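Descriptive analysis of the structure
Residues per chain are reported as follows:
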Amino acid sequence: MTPVGDTALDALHSTATQIFKGAVEACNIASAFDRRIRFEGNTMHRLLPDGSGPATVNLSSYKRIFVIALGKAAGPMLDTLLDRMKRRKGLRGICCSNQLPRKRNWRIRYFEGGHPVPNEDSFDAAKAALAMLKKRKKTR
């Protein structure tokens, strides 16, 4: 026979494990990305956090798409975007993170930024992002 205390402890352990696994899954970059952005062909659906509904963008109406990814999770977030987004024509971008990815996309310029204090690459990435945005204004 199992003592009542052991059964309660097993239930508590099971509940704590479920909560922990749920928290880890919620922190997963791909899951977080999918909660906010979805693609259907050339249409991007941005799911608004306030629940007011999706905002859709038809990417085929743009000649160029610029992506700027900054911060510790920039690499994995960019990889998730590139994995989900099928359109590549006109895509260019900047990625600055404290760790450079092993696999790099030729359309993206990568910078190894400092953390927690910016380094020279951090400032170079900021300059490159500003230059890219200025280029966008010229191609309207």
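This text follows the structure it describes.
A brief structural summary. Please read all numbers here as calculations on a predicted model, not as lab measurements.

1. A short note on the packing of helix α2 (residues 29-36) against helix α3 (residues 74-84)
Two quantities define a packed helix pair, namely the angle between the axes and the distance from one axis to the other. Contact geometry of α2 with α3 gives a least axis separation of 10 Å together with a crossing angle of 55°. With respect to α3, the element α2 is oriented oblique. Where α2 crosses over α3, the two elements pack in a sense that is right-handed. Mapping the contact onto sequence places Ile-29, Ala-30, Phe-33 and Asp-34 in α2 and Pro-76, Met-77, Thr-80, Leu-81 and Arg-84 in α3. Residues belonging to the contact of α2 with α3 are distributed by class as follows: six nonpolar, one polar and two charged.

2. A word on the sheet that holds strand β6 (residues 108-112)
The strand order across the open sheet built from three strands is β4-β5-β6, with neighbouring strands paired in parallel fashion. Strands with a single pairing partner mark the edges of an open sheet, and in this sheet they are β4 (65-70) and β6. Across the sheet, the mean angle separating the axes of adjacent strands is 5° when strand polarity is ignored. Note that strand β5 (residues 91-97) and β6 share five bridges and pair parallel. Looking at β6, one finds that Cys-96 is bridged to Phe-111.

3. Structural notes on the environment of Leu-100
By secondary structure assignment, the location of Leu-100 is in the loop between β5 and β6. Put simply, Leu-100 and Ala-74 are 26 residues apart on the chain and 9.5 Å apart in space, counted from C-alpha to C-alpha.

Conventions used here
- Residues numbered from 1 in each chain as written.
- Predicted model: local features only at pLDDT ≥ 70, side-chain atom pairs only at ≥ 80, totals over all residues.
- Heavy atoms only, no water.
- Axes fitted to C-alpha atoms, helices over the stretch in contact; angles between N-to-C directions.
- Helix = DSSP H or I, 4+ residues; strand = E, 2+ residues; numbered from the N terminus.
- Parallel < 35°, antiparallel > 145°, perpendicular 65-115°, else oblique.
- Left-handed = near helix turned anticlockwise from the far one by under 90°.
- Contact = heavy atoms within 4.5 Å.
- Nonpolar A, V, L, I, M, F, W, Y, C, P; charged D, E, K, R; others polar.
- Pairing = 2+ DSSP bridges.

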